[in-house]
Every structure is written in C-alpha cells, then in structure tokens.
Amino acid sequence: MRILISACLLGARCRYDGVSKLQPWISDLAERHILVPVCPEQLGGLPTPRPPAERRGDRVMTRDGGDVTAQYRRGAEEALRLCRLLGCEAALLKERSPSCGSGMVYDGTFTGVLTAGEGVTAELLRAQGIPVYGESRVAELADPI
Ligand code: SF4
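Our subject in this report is the structure included herewith. All figures in this text were calculated on a predicted structure; none of them were measured in a lab. (Residues numbered from 1 in each chain as written. Predicted model: local features only at pLDDT ≥ 70, side-chain atom pairs only at ≥ 80, totals over all residues. Heavy atoms only, no water.)

Describing the overall build of the chain
- Counting its secondary structure elements, the chain contains 4 helices and 8 strands.
- Reading the secondary structure of the chain in the N-to-C direction produces β-α-β-α-β-β-α-β-β-β-α-β.
- Since a compact globule built from 145 residues should have a radius of gyration of about 15 Å, the 14 Å found for the chain is in line with a globular shape.
- Along the longest, intermediate and shortest principal axes, the C-alpha atoms of the chain span 45 × 30 × 25 Å. (Helix = DSSP H or I, 4+ residues; strand = E, 2+ residues; numbered from the N terminus. Rg over C-alpha atoms; globule rule 2.2 N^0.38 Å.)

Re the packing of helix α3 (residues 69-85) against helix α4 (residues 120-127)
- Where α3 meets α4, the closest approach of the two axes is 8 Å, and the angle between their N-to-C directions is 40°. It follows from the interaxial angle that α3 and α4 lie oblique. The crossing of α3 and α4 is right-handed. Residues Y72, R73, G75, A76, E77, A79, L80 and C83 of α3 touch α4, and the partners they reach there are V120, T121, L124 and L125.
- When grouped by side-chain class, the residues that make up the contact of α3 with α4 number 8 nonpolar, 2 polar and 2 charged. (Axes fitted to C-alpha atoms, helices over the stretch in contact; angles between N-to-C directions. Parallel < 35°, antiparallel > 145°, perpendicular 65-115°, else oblique. Left-handed = near helix turned anticlockwise from the far one by under 90°. Contact = heavy atoms within 4.5 Å. Nonpolar A, V, L, I, M, F, W, Y, C, P; charged D, E, K, R; others polar.)

Looking at the site of the ligand
- In the vicinity of the ligand there are 14 residues, among which C8, C39, E41, K94 and C100 approach most closely.
- Looking at the shell around the ligand residue by residue, the class counts come to 7 nonpolar, 3 polar and 4 charged. (Near = heavy atom within 4 Å.)

Here's the deal with the side chain of S99
- Looking at where S99 falls in the secondary structure, it is placed in the loop between β5 (90-93) and β6 (104-106).
- Residues contacting S99, with those up to four places away along its chain left out, are P40, E41, Y72, G119, V120, T121 and A122.

A few points about the nonpolar core
- Among the nonpolar cores identified, the biggest contains 23 residues, and L4, Y72, A91, L93 and L125 are the most heavily contacted of them.
- Within the residue set of this core, elements represented by two or more residues are β2 (34-38), α3, β5 and α4.
- Judged by nonpolar contacts, the second largest core, of 13 residues, contains I3, W25, L29 and L35. (Core = buried A, V, L, I, M, F, W, Y, C linked by side-chain atoms within 4.5 Å. Buried < 20%, exposed > 50% of the residue type's maximum accessible area, 1.4 Å probe, protein only.)

Points about the environment of V138
- Structurally, V138 can be placed in the segment after β8 (132-134).
- By relative accessible area, which is 15% here, V138 ends up buried.
- A sequence separation of 109 residues divides V138 from L29, and the C-alpha atoms of the two residues are 8.5 Å apart.

A few points about the pattern of salt bridges
- All told, the structure shown has 9 salt bridges when counted by the stated rule.
- Taking the shortest distance from any N to any O, the salt bridge between R55 and E123 comes out at 3.5 Å. Placement of the pair is R55 in strand β3 (residues 53-56) and E123 in helix α4, with a sequence separation of 68 residues.
- Put simply, K94 and E135 hold a salt bridge, and the shortest N to O gap is 3.0 Å. With K94 in the loop between β5 and β6 and E135 in the segment after β8, the pair connects residues that are 41 residues apart, well separated along the chain. This pair shows no difference in class: K94 is buried, exactly as E135 is. (Salt bridge = Lys/Arg side-chain N within 4 Å of Asp/Glu carboxyl O.)

All we've got here are geometric facts, nothing functional implied.
Structure, rendered in structure tokens:
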C-alpha cells in the first residue's frame, strides 16, 4: 500500500520548532508499505523554524496574530496533488497539527487546549475520499492491504 505520511513522523526537522519527532515504529511501517513524505506547511511556502500557528475557525493564525491561512491551504492542495499523482491510498498524519491533525486540534488560544477538529490538510484529504489516520492509529496500517 502507498501511504502519504507527515514528513515529521519520519524524523524530518520540518516542524515549526525544527525538532525531530522520529517515531520508533517507522522502520517497521516502511518495510510493509511505500511511504510518501510531505510537509504541507513547507509545501505551502512557510519557513522552518516558523511561528507556531493554530486553527481559529476557517483561519489559521500565528501566536503573534499573523494570518497564514493562504499558506496552509496551498500546502493542503499540494499534498492532495502529490497524493493523487503518486497513487496514495491513505494518509498517516501527525496528530494535533493545524495542518495534519485529525480528530483533535489546538483551539486557537495557544494555551494547550484541544478541541474537536482537523488540520487543513487532513480536512481536504478526507473530503476528497482519502482515509486519514493519526499516528495513534498506526497499528491499523500494520499489514499490507
Ligand atoms: Fe509535520 Fe504536518 Fe507540521 Fe509538516 S505540517 S511539520 S508534516 S505536522
């Protein structure tokens, strides 16, 4: 199975703070599937490191009040384009991110509070029929399909 995956889960230092979040199960997953890494925030034109951002309704705002909605949307469109171009059947995306989060995201107050919702890329992929998994559900992708 070909899986679109948040590049930061592979240890790429593409997070807003430039810190690696390599997951210990990546090697096992890579033996079973073809992984296609993307970082929607970088694909949308944002630098690394960059100010933290959170969803606030339909917008995405940085902590200092910058509106980065356009970059987040552009990154989501690029991730969808690559997903289709390369024939990915599912997406495994970093939880709680304003781009990649699925199920719960930070609530826009920058106080660490989570609320029900999705990141911009996760939302677009799901709307286009791509099954989206967060990393806590990686076991569901353990066996090749
Ligand atoms: Fe990771 Fe997605 Fe954030 Fe990029 S946009 S750093 S892939 S969670």
